[in-house]
Amino acid sequence: KEQIKDTHANISEYVEHTKQLNAILNEGAEVNIPLCMDCFQKIISNMSSTIDELTEEKNMYAKKIKEAEKEIEAAQGKLDTQPLVSLEDYERDQKERLESLELEERQQFEEIKELEEKAAKLKVEEDEFWKNMNDFEIALVNFEENDARVDRIMVQAKSELDRLSSINVLNDVFKISALNHFATINGFRMGRLVTQTVPWDEINAGWGQCVFLLVTLADRIGYKFKKYNLLPMGNYSKIGLKSDPQIVFELYQPSNEERYNKALKMFLECADELRTQLQTLAEKRKNFKNLQWGYEMKEDSIGMI
């Protein structure tokens, strides 16, 4: 409506200006000269067009105003039908909402705090895990080094064992050989010749070594002689009866010749008995070579002598 009023004011102002312009023109002339009909018609036509445009615009604005008034009335009707919320209710609702948000915030804060505590605990456990892992790796390296060292020691020990196993201790302890016409054991000559006399001390020492050799062999295979007890006593070795330990025979000279010969016979029987036992063991263990004696032995005879 204000725009329409402004438009009418503009038109009036335009008409007033036109009149003033016409008056100014007439004042400058000696005779009043009115506008010609064509100019007047153009002015009227322009003004009519302007008025028509303004009228159309006025009607449009009036229509919009009516539509706006209807919308305002409809909105006012809706407001009249809805109950108004009091300020106290609104404040209470907002306060409850605020309390709910604060509670939710506190809960989230507690959850964050709990998660941080769990994270810190996990960090400690992780550090402990890696520490244990490092300790385990160090222990593993040490174990592998020890294991490798033990393997080397075992290889060396096995090699040494194989070397020692290949050594016949008896051959080193009891060296049996021959010297000219005499059999020897550890350098002691066994026996006498008409052309060469061997001291009885040397022969007695040789018999002591022989008795000691038979006892050692029997002990190694766990064998016990059936009838006799061999008593290695160096140069004064003896042989006794198991049936009567008080009865012993001297295997040395000078002594009773008959007892000495009896001791020689008992020694040969023990040697043959041990040979038979060793042969039996050799047959049971197929990896053992068959035992062969240099001379045939039978009871108290060697080579039928």
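Colleague: Just give me the short version of the pattern of salt bridges, but keep the residues and values in it.
Modeller: For the coordinates displayed, the defined rule picks out 9 salt bridges. Between E114 and K118 there is a salt bridge; the shortest N-O distance is 3.6 Å. With E114 and K118 both in helix α3 (residues 87-165), this residue pair falls 4 residues apart, about one helical turn. We classify E114 as partly exposed; its relative accessible area is 43%. K227 is the partner of E269 in a salt bridge, and the nearest nitrogen-oxygen pair spans 3.5 Å.

Colleague: Tell me what's going on with unusual backbone geometry, and back it up with residues and numbers.
Modeller: Of note, the bond from Q253 into P254 is cis; its omega dihedral lies within 30 degrees of zero at 0°. Relative to the elements of secondary structure, P254 occurs in the loop between β6 (248-250) and α6 (257-284). Positive phi is not limited to glycine here, since N180 has a value of about 55°. With phi around 55°, N186 is a residue other than glycine that occupies positive phi space. Positionally, N186 belongs in the loop between β2 (182-185) and β3 (188-190).

Colleague: For a negative patch on the surface, give the residues involved together with the corresponding values.
Modeller: Judged by side-chain charge, D93, E96, E99, E102 and E105 come together as a negatively charged surface patch. Residue class for E102 comes out partly exposed when judged on its relative accessible area of 34%.

Colleague: Which residues make up the sheet that holds β2, and what values go with them?
Modeller: Spatial strand order, β1-β2-β3: 3 strands in an open sheet with antiparallel pairing. Each having just a single partner strand, β1 (176-179) and β3 make up the two edges of the open sheet. Pairs of neighbouring strands in the sheet enclose a mean axial angle of 40°, with direction left out of account. Relative to β2, β1 runs antiparallel, the two being bridged by 4 bridges. By the bridge assignment for β2, S177 is matched with T184. Against the sheet, helix α5 (residues 200-220) touches β1, β2 and β3, its axis set at about 90° to β3.

What counts, and where the lines are drawn
Residues numbered from 1 in each chain as written. Predicted model: local features only at pLDDT ≥ 70, side-chain atom pairs only at ≥ 80, totals over all residues. Heavy atoms only, no water. Salt bridge = Lys/Arg side-chain N within 4 Å of Asp/Glu carboxyl O. Helix = DSSP H or I, 4+ residues; strand = E, 2+ residues; numbered from the N terminus. Buried < 20%, exposed > 50% of the residue type's maximum accessible area, 1.4 Å probe, protein only. Patch = residues over 30% accessible without salt bridge, like charges linked within 9 Å, V, L, I, M, F, W, Y side chains within 5 Å. Areas by Shrake-Rupley, 256 points an atom, 1.4 Å probe, with all protein chains shown as cover. Lys, Arg positive; Asp, Glu negative; His and termini not counted. Charge placed at Lys NZ, Arg CZ, Asp CG, Glu CD. Pairing = 2+ DSSP bridges. Axes fitted to C-alpha atoms, helices over the stretch in contact; angles between N-to-C directions. Contact = heavy atoms within 4.5 Å.

It is worth stressing that arrangement in space is one thing and function is another; only the former is reported here.
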